[in-house]
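Survey of secondary and tertiary structure
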Amino acid sequence: MHLYLLSSRVSFSPPVFWHASSSATLPFPAPATAKPLPPPSSRPAKSLNKCALECPHFQSCSGCTHELDLDRPSVVDEAAEFFSKLGVSDFTFDSSRLWEWRCRAKLAVRGSSATPLIGLYEEGTHNVVDIPHCKAHHPRINAAVELLRKGITALRILPYDEDQGTGDLRYVQMAVTTHNTSLPVSDRYKNGKVQVSLVWNTRNETSPSSEKLTALAQFLWRNGGPRSNENIIHSVWANFQTSSNNIIFGNRWRHLLGEMDLWEHVGGIDVSLAPSSFGQANTRAFDSLLWKLQKYVPRRSSVSDLYAGAGVIGLSVAASRKCRSVKCIEVNKESKLSFEKTVERLPKSLDGSISWHQADTSAEPLSWLMGSEVVIVDPPRKGLDASLVDALKTISFRNLKPMSSTDGSQVKEEKRPWVLRARESSVYVRSSTTADGPLVLPQTLIYISCGWESFKEDCKALLSTNKWRLEHAHGFNFFPGTQSIEVLAVFQRGKVANLKKKKLGKKKKRS
């Protein structure tokens, strides 16, 4: 069973508004056959306590599907066998942090003012399970939830009633930043600060209940802000949502208290994440994945980052591999602001062309593949869009078309390379480096997957035409306590057999 929310970095600041349209590597040999884990009753007694969840909510909360062997869910054996059959012998699995790993959580608020329930929906229902001592949550999230609970009760805030469509507080998003340069590196994670986003059941901040919202925000800041004994709150935001559907956030956001920007350090760069933009829940595991990914991107290469979000993957590669060009493509326009702020903190010594485009990857995917030697894809759980799979399977010089102006090639060069220019739905950071022309074809495809079943289908489709070969695969434990793993797979262009034949032919001629 699973729990669902139905909908893939201190000073006071004046309100700001914007509108949005309604997210230790352990190598091991791949086994010849997958060996399923034995039932708990047949395992040695000692193993029952090894890497166990030991969460008081496990029986009532279905957010975690298993409580034993958090370091190696059984799906890892399946993945090892799958990749072994495809000729990948270097599959590794990074177990990462097993408890207190979740740094981003969206929680429903139900119940009453006297006894508020703050947690997740039980599978198949809209019954909220209260999880105040969740072992997956970063401890600061649990502390912030407890503080919110006290505020709801003290101020008589009404939790949302779905049947009646009444109440004040519908949801809360808790996002932890562990990037505090004033602390030693070893102390930063445990001393993270929480950005609290309150989803209020009104159209905007001028509604009659806005006084309650202000009071609740001030309660959190007074009792959890920098001048409090707790000192756990980074900032407080409000989102306004009145829709009766399952979408958590509305179109309107308001910054109430604390720092405007939440910063995190992953993949060697500082990353800005607005509350409305997608952020990975497991910061430590994501950081490990980025360092691994960077090794497969040739230095000074040209890169397209599809399903890019705020461009974290593409920008980390741009900084670490000194890429000639990086294009980030994302459909959600809310990610643009975070991209711009992150770019401003990149090393000034970088000399590459960097751009972000609001576009649907499924529409004319060839236009984003052309001109790039490396393509990075990080799709939602459902996997790659069918049109993108087809484009990757069939791309060749014969079906290339002239690049449209969306690639930024017609943009006038800037005398100051690190000045951002917003043009319609794109952002460009220009430099003296010239991006590759449209006749460059992708030679490397790096696939990051959060959906194991959809990845297997996409992988088989990509390999079916012999245009791509799978060379490396790695797994990451992004969601301990579940059967979900994050996969990093590296494909190279060309058929293995043809390459071997070509090499043998050359040797024969020389002899």
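Just so it is clear, the model here is predicted, and its values are computed rather than measured.

The final tally for this structure, using the stated rule, is eleven aromatic pairs. Measuring from ring centre to ring centre gives 4.9 Å for Phe-249 and Trp-253, while their planes differ by 50 degrees; the resulting arrangement is tilted. Given a relative accessible area of 16%, Phe-249 falls into the buried group. Among the aromatic residues, ring-to-ring pairing joins Phe-82, Phe-83, Phe-91, Tyr-447, Trp-452 and Phe-455 into one connected group. The ring of Tyr-160 is capped by Arg-170, whose NZ or CZ atom sits 4.3 Å from the centre of that ring. Lying over the aromatic face of Trp-468, Arg-493 brings its terminal NZ or CZ to 6.0 Å of the ring centre.

Spanning 17 residues, helix 2 (residues 139-155) covers 24 Å between terminal C-alpha atoms, matching the ideal 24 Å at 1.5 Å per step. All buried positions along helix 2 are accounted for by Arg-140, Ile-141, Asn-142, Ala-144, Val-145, Leu-147, Leu-148, Arg-149, Gly-151 and Ile-152. Positive phi shows up at Arg-156, right after helix 2, with a value of about 55 degrees.

Bringing the nonpolar core into the picture now. Residues Leu-148, Leu-169, Val-172, Met-174, Leu-198, Leu-293 and Ile-376 are the most contacted members of the largest nonpolar core, which totals 83 residues. Apart from the residues within four sequence positions on either side, Leu-169 is in contact with Val-109, Leu-148, Ile-152, Ile-157, Leu-158, Pro-159, Tyr-160, Leu-198, Val-199, Trp-200 and Leu-216. Formed by 38 residues, the second largest nonpolar core is a distinct cluster that contains Val-75, Ile-329, Ala-391 and Leu-392.

Residues annotated by UniProt as "binding site: S-adenosyl-L-methionine" (unreviewed entry) correspond here to Gln-280, Tyr-307, Glu-330 and Asp-378. Here Glu-330 lies in strand 15 (residues 325-330). For Glu-330, a relative accessible area of 11% translates into the label buried. Ignoring sequence-local partners within four residues, the contact set of Glu-330 consists of Tyr-307, Ala-308, Gly-309, Ser-335, Trp-356, His-357, Gln-358 and Ala-359. Within the local environment of Glu-330, its side chain forms a polar contact with the backbone nitrogen of Asn-332, the two atoms lying 3.0 Å apart. Here Asp-378 shows up in the loop between strand 17 (374-377) and helix 9 (386-394).

Attention shifts here to the UniProt feature "active site" (unreviewed entry) in the chain. Mapped onto this numbering, the UniProt entry gives "active site" (unreviewed entry) at Cys-450. Mapped onto the elements, Cys-450 comes out in the loop between strand 20 (444-449) and helix 10 (452-463). Its relative accessible area of 15% is what places Cys-450 among the buried residues.

Further remarks concern the environment of Cys-450. With 37 residues separating them along the chain, Cys-450 and Val-487 place their C-alpha atoms 6.7 Å apart. With sequence-adjacent residues up to four places away left out, Cys-450 is seen in contact with Pro-379, Pro-380, Arg-381, Ile-485 and Glu-486.

Here we come to the environment of Trp-101. Mapping Trp-101 onto the fold places it in the loop between strand 4 (92-94) and strand 5 (104-111). Judged by its relative accessible area of 3%, Trp-101 falls in the buried class. Each C-alpha atom of the pair Trp-101 and Pro-139 lies 9.1 Å from the other, and the pair is 38 residues apart in sequence. Excluding residues within four positions of it along the chain, Trp-101 makes contact with Ala-136, Tyr-189, Ala-281, Asn-282, Thr-283, Phe-478, Phe-479 and Pro-480.

Taken as a whole, this structure holds 14 salt bridges when the rule is applied. For the salt bridge of Asp-130 with Arg-149, the shortest nitrogen-to-oxygen distance reads 3.1 Å. Placement of Asp-130 in strand 7 (residues 128-130) and of Arg-149 in helix 2 is noted, with a sequence separation of 19 residues between them. Residue classification places Asp-130 among the partly exposed residues on the basis of a relative accessible area of 23%. With a closest N to O distance of 3.4 Å, Asp-168 and Lys-212 form a salt bridge. In this pair, Asp-168 is assigned in the loop between helix 2 and strand 8 (169-177) and Lys-212 in helix 4 (residues 210-224), connecting sequence segments 44 residues apart. Three or more residues joined by partner-sharing salt bridges are found here, namely Glu-78, Glu-453 and Lys-456.

Parameters at a glance
- Residues numbered from 1 in each chain as written.
- Predicted model: local features only at pLDDT ≥ 70, side-chain atom pairs only at ≥ 80, totals over all residues.
- Heavy atoms only, no water.
- Phe/Tyr/Trp six-rings, centres within 6.5 Å; stacked < 30°, edge-to-face > 60°.
- Buried < 20%, exposed > 50% of the residue type's maximum accessible area, 1.4 Å probe, protein only.
- Lys NZ or Arg CZ within 6 Å of the ring centre and 35° of its normal.
- Helix = DSSP H or I, 4+ residues; strand = E, 2+ residues; numbered from the N terminus.
- Expected span 1.5 Å × (residues − 1).
- Core = buried A, V, L, I, M, F, W, Y, C linked by side-chain atoms within 4.5 Å.
- Contact = heavy atoms within 4.5 Å.
- UniProt positions renumbered as here; feature names shortened; annotations may be inferred.
- Polar contact = N/O pair within 3.5 Å; in protein donor to acceptor, adjacent residues only side chain to side chain.
- Salt bridge = Lys/Arg side-chain N within 4 Å of Asp/Glu carboxyl O.

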